[in-house]
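Listed below are the residues making up each chain.
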Amino acid sequence: MITEQIINDCTAWIAKRVHGTGKQKAIIGISGGKDSTVCAMLCIKALGKENVIGVMLPNGAQKDIKDSIKVVETLGIEHYTLNIENANQAICDEIALQVGPVCEDTKINTPARVRMTMLFALSPMFNALVCNTCNLSEDTVGYATFGGDGFGSFSPISKLTTDEIIAIGDKLAEEFNLDSSLIHKTPIDGLQPLSDEEKLG
């Protein structure tokens, strides 16, 4: 089947990419949505679950954080929760103090960039590569933050559309005994109340 071939190709590529840099591990920001969940499952198949680290990065209170916890606990991977609220606020406060009121785009994009800074800060501690979880559909419409979720040391699903990710996610969820509703949930970045669909229009 095409889905199985995509999974096999992705896992082989991940292993080659990570091991080719002399690393053994991958570190992933876990949102509880399909992209990070599929990336985590692919990395487990490629590297072994002992070599995958999941990091939850709420900005203050995050109402769907339980989904992220369900992912890391079901997959059985090492995981941490780092709240970015104070770091994000400190950046905005310093800008406001030294430059002036923070504009809306800065407020929207800074948390995503702080999240990526956290992942890259952790990566040498685990001798791990940071996984970029963006997909082709997002990149095509420009729905990624440069320096934020659009960054990473390797990008296993960047050539896959949302439909393809859902298809391989369903198959992997069955293999890992993971609640498939996580693959089909409405995407939301956890940084503001609107879903991705509502923000895109």
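It should be noted that the structure appears before, not after, this text.
A brief look at the structure comes next. A quick note: this is a predicted structure, and the numbers were derived from the prediction, not measured. (Residues numbered from 1 in each chain as written. Predicted model: local features only at pLDDT ≥ 70, side-chain atom pairs only at ≥ 80, totals over all residues. Heavy atoms only, no water.)

Section: the packing of helix α1 (residues 2-20) against helix α7 (residues 162-176)
Then, number 1: Contact geometry of α1 with α7 gives a least axis separation of 10 Å together with a crossing angle of 85°. Taken together, the axis directions place α1 and α7 in an arrangement best described as roughly perpendicular. Within the contact between the two elements, α1 uses T3, E4, I6 and I7 and α7 uses E164, A167, I168, K171 and L172.
Then, number 2: Looking at the contact of α1 with α7, its residues break down into five nonpolar, one polar and three charged. (Axes fitted to C-alpha atoms, helices over the stretch in contact; angles between N-to-C directions. Helix = DSSP H or I, 4+ residues; strand = E, 2+ residues; numbered from the N terminus. Parallel < 35°, antiparallel > 145°, perpendicular 65-115°, else oblique. Contact = heavy atoms within 4.5 Å. Nonpolar A, V, L, I, M, F, W, Y, C, P; charged D, E, K, R; others polar.)

Observations regarding the pattern of salt bridges
Where charged atoms of side chains with opposite charge meet at close range, the side chains can pair.
Then, number 1: Overall, the coordinates contain three salt bridges when judged by the stated rule.
Then, number 2: Across the pair E175 and K45 runs a salt bridge whose closest N-O atoms are separated by 2.9 Å. Pair noted here: E175 is in helix α7 and K45 is in helix α2 (residues 34-47), with a separation of 130 residues, a long-range link.
Then, number 3: Judged by relative accessible area, E175 falls into the partly exposed class, the value being 48%.
Then, number 4: Using a relative accessible area of 35% as the deciding quantity, one classes K45 as partly exposed.
Then, number 5: With a shortest N-O distance of 3.4 Å, K70 and D179 are connected by a salt bridge. You can see K70 sitting in helix α3 (residues 65-75) and its partner D179 sitting in the loop between α7 and α8 (181-184), a full 109 residues away along the chain.
Then, number 6: Judged by relative accessible area, which is 32%, D179 ranks as partly exposed. (Salt bridge = Lys/Arg side-chain N within 4 Å of Asp/Glu carboxyl O. Buried < 20%, exposed > 50% of the residue type's maximum accessible area, 1.4 Å probe, protein only.)

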